[in-house]
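Descriptive analysis of the structure
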Amino acid sequence: MTGADPRGGTAVAAPAREHPDGGTADVHGLDPALLDSMAGSALRWLDGMRDCFRLPADVTTDADPNLTLKPLGELAELTHLIRTRHPRADVRTLAEGLFAFAWEETRGGALFGDLLRGEPRATYPVELYGVFARTGLRHPGVEELIRTATGLRGWRVAREDHTRTLGVLNAERRIGLPEHADFAEVLAMTGLGCRSEPWTLDRKAAYGVTHDVFHLTDWGRARERMPADLAEYLRLWVPSWLECWLEEELWDLAGEWLAVSACLPVPVQDPAAWRRLAAAQAPDGSVPESGTEPPPGPDEADAFTACYHSTLVTAFAATLARIGAADGSDTAPHSPAPHSPSLPHGPAPHGAAATRNTAMEGPESEAAS
Amino acid sequence: MAEQAQGISPLSAVVADVAQGVALALRGGGGSYALSDVLPPDEAVAPAAVRVLGADALAPYALDRAAATGGATDRTTADRALVRAALTAFAPGADASEVSLWSYRGLLAAARALLPADPDGWPPEPPAATAWTATDPWPKLAHRASQLASLALPGLDTPLAAGLAERTDDLARGFVRAVRRRDWLQAAGLGRWLASAADVPDTLGLDSGLVFVRQMSGTQPRVALHVAAAARFYGRGS
């Protein structure tokens, strides 16, 4: 979105609160109509898939969290930004509906109490709760449990990787808890923080870097938090990584790199890359995880599993790209955000399932144990 | 040579042999270098091999230009004849690609700079554009630049090198992509250009990247050649 006149052609983004609908101005060479079409159709497909997001009765016991809590957590995290930041009211409305649906599925947060009673040391209930707590959706009983669990010395035991720890720290700050470690120190030990040689990135490391960025910038809300050296690192190498994964037709990771591009203090945008991702989006709005083949299997559940993550990422990245360069921390009027908005990081539910060994945050590792 | 490498065309086998000799010379081994020693002039594909390698056929002479151009010895006379044959037989046609034009100009420039003057004069320099070095998207630029890595040679101050010097970040992005694709030849060529640049981003890790490419590529002589040139001429990756 652009300045006071959304068709003024300026590259300076307006505060999100203005929400000029249907702007046609070109943002950083991008095609706003294309971005809005991609986000809108992706959300409509997701909206039609609500039944697949619904949590089963055995969600706290036997259900596979990769197919239950993880998709729902992603839905909440990514639609929250869209519902507060997208310039188009119709897109915000769709996202708002999905976000509210996700909260309802948690039974107003009571779900997290059940999960914590089952696994007091698990981080994922705290991370998922943080998504909602950030917006002011809270559950007093759950908060009591969380304060106890996160106050234990055992909570400070290192997580399986530093990127995941950033996600936990994010949740702590979103909820208003003391942080169990220093964010900057943990960041310095991640692939992003140590500025790994860019030619060493494999798929797993790539997901690590994208999520380092998401946690650091609070999922694109606080781009100014990016230290200059890391911003320069990403400015240099994201174009290369984006190209690599577009060529591999791994659309969820391509979408994540496009989102990362929009998280830089000065966003780097690639209109041609957006056109390539758009070409991968099916007419129904879904975006396959990889390739051009239709999702395996005829039934809805298969299509959901094959597409939900890439489709969510597409809507999220298109929103970030659309917002442009100017808005800062999450103070938009549509966000209740009662807590300090200057909190980096966020839980990182992620569709790259454990079977792909992507080091993505999400409930799978602990919930499955 | 060709007999030892079944399934490889004689030309590629000859090119590999010469590249190996050049790399060895750049690493400081094998005694003094002469193109006509590593490439017998009576070899049928000798002119083609020189044309393929371009300026690299003469790269070891850049180590000691005075010795190479000090006077026409038997060896330099033989080298001059080899290069002249290549320039004559494989002059770019009207529809030649930019890569073909520039590799020809690279060989010609190296001959002028590194061999004793040809009494008959060297062939004329064909016109070649540089606009693409400013306008190519980085993946295409990187691909072309890697094919022209033989022009990354001290003393060959071509407009091509000047153009590429303005695109260091993009060449570095190409290096990253090439390594990820395990395209070691492209990576090595780009690494060589980057070694010649003064403003390579530190975070690229060029020195370890060049070593990595050499080790991962196994025994590809042209990869070894580029990595050796980067080390010997520009002090990178060694």
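All values reported here derive from a predicted model rather than from experimental measurement.

1. Re the overall build of chain B
The number of helices and strands found in chain B is 13 helices and zero strands. In chain B, which comprises 238 residues, the share counted as buried stands at 53%. Within chain B, residue pairs in contact and separated by at least 24 positions form 74% of the contacts whose partners lie at least 6 positions apart. Of the roughly 9,900 Å² that chain B leaves accessible, carbon and sulfur atoms contribute 52%.

2. A short note on the side chain of Arg51 of chain B
Residues and elements named next belong to chain B. Looking at where Arg51 falls in the secondary structure, it is placed in helix H3 (residues 46-53). Polar side-chain contacts of Arg51 include one of 2.9 Å to the backbone oxygen of Phe90. Not counting the four nearest positions on each side in its chain, Arg51 is found in contact with Ala86, Phe90, Pro92, Ser100, Ser103, Tyr104 and Leu107.

3. Side note on the interface of chain B and chain A
Quite often, the size of an interface is put as the accessible area lost when its parts meet. Counting residues at the interface gives 18 residues for chain B and 19 residues for chain A. A buried area of about 1,500 Å², summed over both sides, lies between chain B and chain A, and 61% of it is on carbon and sulfur atoms. For chain B, the biggest contributors to the area lost against chain A are Arg173, Arg180 and Thr203 of chain B; these three give 44% of the whole. Across the pair Asp169 of chain B and Arg235 of chain A runs a salt bridge, and its minimum N-O distance is 3.2 Å. Joining chain B to chain A, the criterion identifies 11 residue pairs in polar contact (both at pLDDT 80 or more). Only helix H8 (138-147), helix H10 (168-180) and helix H12 (206-216) of chain B provide two or more residues apiece to the side of chain B that touches chain A.

4. A few points about helix H7 (residues 140-151) of chain A
Residue and element names in this part refer to chain A. Its 12 residues place the ends of H7 17 Å apart at the C-alpha level, agreeing with the 16 Å of an ideal helix rising 1.5 Å per residue. Residues of H7 that are buried: Val142, Glu143, Ile146, Ala149 and Thr150. Along H7, the residues classed as buried sweep out an arc of 130 degrees about the axis, all on the same side. Along H7, exposed side chains directed more than 90 degrees from the buried face belong to Pro140, Glu144, Thr148 and Gly151. Among the structural elements, helix H5 (110-118), helix H6 (124-133) and helix H8 (162-175) are those in contact with the buried residues of H7.

5. As for the confidence of the model for chain B
Summary statistics for chain B give a mean pLDDT of 92 and a share of 96% for residues scoring 70 or more. Residue range residues 1-7 of chain B is modelled with pLDDT below 50. Its contacts to residues more than four positions away, or to other chains, number eight contacts.

6. Things to note about the side chain of Glu105 of chain A
Residues and elements named next belong to chain A. Tracing the backbone shows Glu105 in helix H4 (residues 89-105). For Glu105, a relative accessible area of 16% translates into the label buried. Polar side-chain contacts of Glu105 include one of 2.7 Å to the backbone nitrogen of Leu55. Beyond its immediate stretch of four places on either side in the chain, Glu105 contacts Phe53, Arg54, Leu55 and Leu72.

7. Considering the packing of aromatic side chains
A full pass over the atoms with the stated rule returns 18 aromatic pairs over all chains. When the centroid spacing of 4.7 Å and the interplanar angle of 85 degrees are considered together, the rings of Phe53 of chain A and Phe304 of chain A count as edge-to-face. Residue Phe53 of chain A is located in helix H2 (residues 50-53), and its partner Phe304 of chain A is located in helix H14 (residues 300-323); the two are separated by 251 residues in the primary sequence. Phe304 of chain A carries the same exposure label as Phe53 of chain A, and that label is buried. On the numbers, 5.6 Å between centres and 65 degrees between planes, the contact of Tyr33 of chain B with Tyr61 of chain B is edge-to-face. Of this pair, Tyr33 of chain B sits in the loop between helix H1 (10-26) and helix H2 (35-38) while Tyr61 of chain B is found in the loop between H3 and helix H4 (65-69), placing the two residues 28 residues apart along the sequence. This pair shows no difference in class: Tyr33 of chain B is buried, exactly as Tyr61 of chain B is. Connected via pairs of aromatic rings, a cluster forms that spans Phe99, Trp103, Phe112, Tyr129 and Phe132 of chain A. Across the ring face of Trp155 of chain A, the terminal group of Arg159 of chain A is positioned such that the distance to the ring centre comes to 4.5 Å. For the cation-ring pair, Arg180 of chain B lies above Trp245 of chain A, with the distance from its terminal atom to the ring centre recorded as 4.1 Å.

8. Description of the packing of H5 of chain A against H6 of chain A
Packed helices, taken two at a time, are described by their axes: the angle between them and the distance between them. Residue and element names in this part refer to chain A. Two numbers describe how H5 lies on H6: the axes approach to 9 Å, and their chain directions differ by 165 degrees. Our classification of the angle between H5 and H6 gives roughly antiparallel. Crossing handedness for the pair H5 and H6: left-handed. Note on element contacts: H6 touches H5 through Tyr124, Pro125, Val126, Leu128, Tyr129 and Phe132, opposite Phe112, Leu115 and Leu116. Its residues assigned to classes, the contact of H5 with H6 shows nine nonpolar, no polar and no charged.

9. Remarks on unusual backbone geometry
All names here are of chain A. For Arg195, which is not glycine, the phi dihedral falls at a positive 50 degrees. Along the chain, Arg195 turns up in the loop between helix H9 (183-187) and helix H10 (203-216). In this structure, Glu249 is a non-glycine residue whose phi angle is positive, near 55 degrees. By the secondary structure assignment, Glu249 is in the loop between helix H11 (228-247) and helix H12 (251-263).

10. Comments concerning the nonpolar core
Grouped together as the largest cluster of nonpolar side chains are 140 residues, with contacts concentrated most on Leu234, Trp241, Trp257 and Trp274 of chain A together with Leu204 of chain B. When residues of this core are sorted by domain, at least three fall in each of domain 1 (1-127) and domain 2 (129-238) of chain B. What Trp257 of chain A contacts, discounting residues up to four positions off in sequence, is Leu201, Ala206, Val209, Thr210, Val238, Trp241, Leu242 and Trp245 of chain A. Of all hydrophobic cores here, the second largest spans 44 residues; its members include Val14, Val15, Leu153 and Leu156 of chain B.

11. Some words on the confidence of the model for chain A
Residues and elements named next belong to chain A. Across chain A, the average pLDDT comes to 82, with 79% of residues at or above 70. Looking across chain A, the model is least confident in helix H15 (residues 364-367), with a mean pLDDT of 34, and most confident in H4, with 98. Ignoring residues within four places in sequence, the model shows residues 1-27, a span with pLDDT below 50, making 69 contacts including any to other chains. Predicted confidence for residues 325-369 stays below pLDDT 50, and this span has 178 contacts to residues more than four positions away or in other chains.

12. So, H10 of chain B
Its 13 residues place the ends of H10 of chain B 19 Å apart at the C-alpha level, agreeing with the 18 Å of an ideal helix rising 1.5 Å per residue. Most of H10 of chain B is tucked away: 12 of the 13 residues are buried. Inspection of H10 of chain B places Thr168, Asp170, Leu171, Ala172, Arg173, Gly174, Phe175, Val176, Arg177, Ala178, Val179 and Arg180 of chain B among the buried residues, and these make up the whole buried set. Buried positions along H10 of chain B lie against H11 of chain A together with H8, helix H9 (159-164), helix H11 (184-195) and H12 of chain B. One or two positions beyond H10 of chain B, positive phi appears at Arg182 of chain B, with a value near 55 degrees.

Rules behind the numbers
Residues numbered from 1 in each chain as written. Chains lettered and ligands numbered in written order. Predicted model: local features only at pLDDT ≥ 70, side-chain atom pairs only at ≥ 80, totals over all residues. Heavy atoms only, no water. Helix = DSSP H or I, 4+ residues; strand = E, 2+ residues; numbered from the N terminus. Buried < 20%, exposed > 50% of the residue type's maximum accessible area, 1.4 Å probe, protein only. Contact = heavy atoms within 4.5 Å. Areas by Shrake-Rupley, 256 points an atom, 1.4 Å probe, with all protein chains shown as cover. Polar contact = N/O pair within 3.5 Å; in protein donor to acceptor, adjacent residues only side chain to side chain. Buried area = accessible area lost by both parts, 1.4 Å probe. Salt bridge = Lys/Arg side-chain N within 4 Å of Asp/Glu carboxyl O. Expected span 1.5 Å × (residues − 1). Arc of directions from axis to C-beta. pLDDT = per-residue confidence, 0-100. Phe/Tyr/Trp six-rings, centres within 6.5 Å; stacked < 30°, edge-to-face > 60°. Lys NZ or Arg CZ within 6 Å of the ring centre and 35° of its normal. Axes fitted to C-alpha atoms, helices over the stretch in contact; angles between N-to-C directions. Parallel < 35°, antiparallel > 145°, perpendicular 65-115°, else oblique. Left-handed = near helix turned anticlockwise from the far one by under 90°. Nonpolar A, V, L, I, M, F, W, Y, C, P; charged D, E, K, R; others polar. Core = buried A, V, L, I, M, F, W, Y, C linked by side-chain atoms within 4.5 Å. Domains from an automatic or database assignment.

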